[in-house]
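# Fold and geometry: a report
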Amino acid sequence: QVQLVESGGGLVQAGDSLRLSCAASGGTFSNYTMDWFRRAPGKAREFVGGISRSDRTYYGEFVKGRFTVSRDNAKSTVYLQMHSLKPEDTAVYYCAAHTRVGAPADVWGQGTQVTVSS
């Protein structure tokens, strides 16, 4: 089974940029649609963006052009590039893999904390 490890989170100031990485090991990475989610304290989990096996991307309503999802199959890694960060972006960010076609994401990483100060 594939395992996922997120990295790149940290404490930044409003307006800064940050790139998160999600490295996969095991499985067949190129076969998986990959998603990013986030969860802020006391709030529901929120879809951030995803990328399909054919490199199509999908984004949550709040993104408004600030975030970009990409993948590098040679490195078995999916990225979330974030620009113009706002305090309301503060959350734990998770990546997830769809290992079964037509099913919800079923493999999740441990998450990486992003904190944006004003």
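The paragraphs below set out a description of the structure included in this document.

### Observations regarding the overall build of the protein chain
- Within the protein chain, the regular secondary structure consists of zero helices and 11 strands.
- Secondary structure elements of the protein chain occur, N-terminal to C-terminal, as β-β-β-β-β-β-β-β-β-β-β.
- At 13 Å, the protein chain has a C-alpha radius of gyration in line with the 13 Å of a compact globule built from 118 residues.
- Its C-alpha atoms put the protein chain at 40 × 25 × 25 Å along the principal axes.
- The burial tally for the protein chain puts 42% of its 118 residues in the buried class.
- For the protein chain, restricting intrachain contacts to residue pairs at least 6 apart in sequence, the fraction spanning at least 24 positions comes to 52%.

### Thoughts on the pairing of strand β11 (residues 112–117)
- A one-sided burial pattern is seen for β11, the buried positions being T112, V114 and V116 and the unburied ones Q113, T115 and S117.
- Judged from the four bridges that link them, strand β2 (residues 10–13) and β11 form a sheet pairing that is parallel. Opposite L11, over in β11, you have T115 as the bridge partner.
- One ladder, built from three bridges, connects strand β9 (residues 91–98) with β11; its direction is antiparallel. Its bridge partner being in β11, A91 is matched across the sheet by V114.

Criteria and thresholds
Residues numbered from 1 in each chain as written. Predicted model: local features only at pLDDT ≥ 70, side-chain atom pairs only at ≥ 80, totals over all residues. Heavy atoms only, no water. Helix = DSSP H or I, 4+ residues; strand = E, 2+ residues; numbered from the N terminus. Rg over C-alpha atoms; globule rule 2.2 N^0.38 Å. Buried < 20%, exposed > 50% of the residue type's maximum accessible area, 1.4 Å probe, protein only. Contact = heavy atoms within 4.5 Å. Pairing = 2+ DSSP bridges.

Read these as geometric descriptors, not functional statements.
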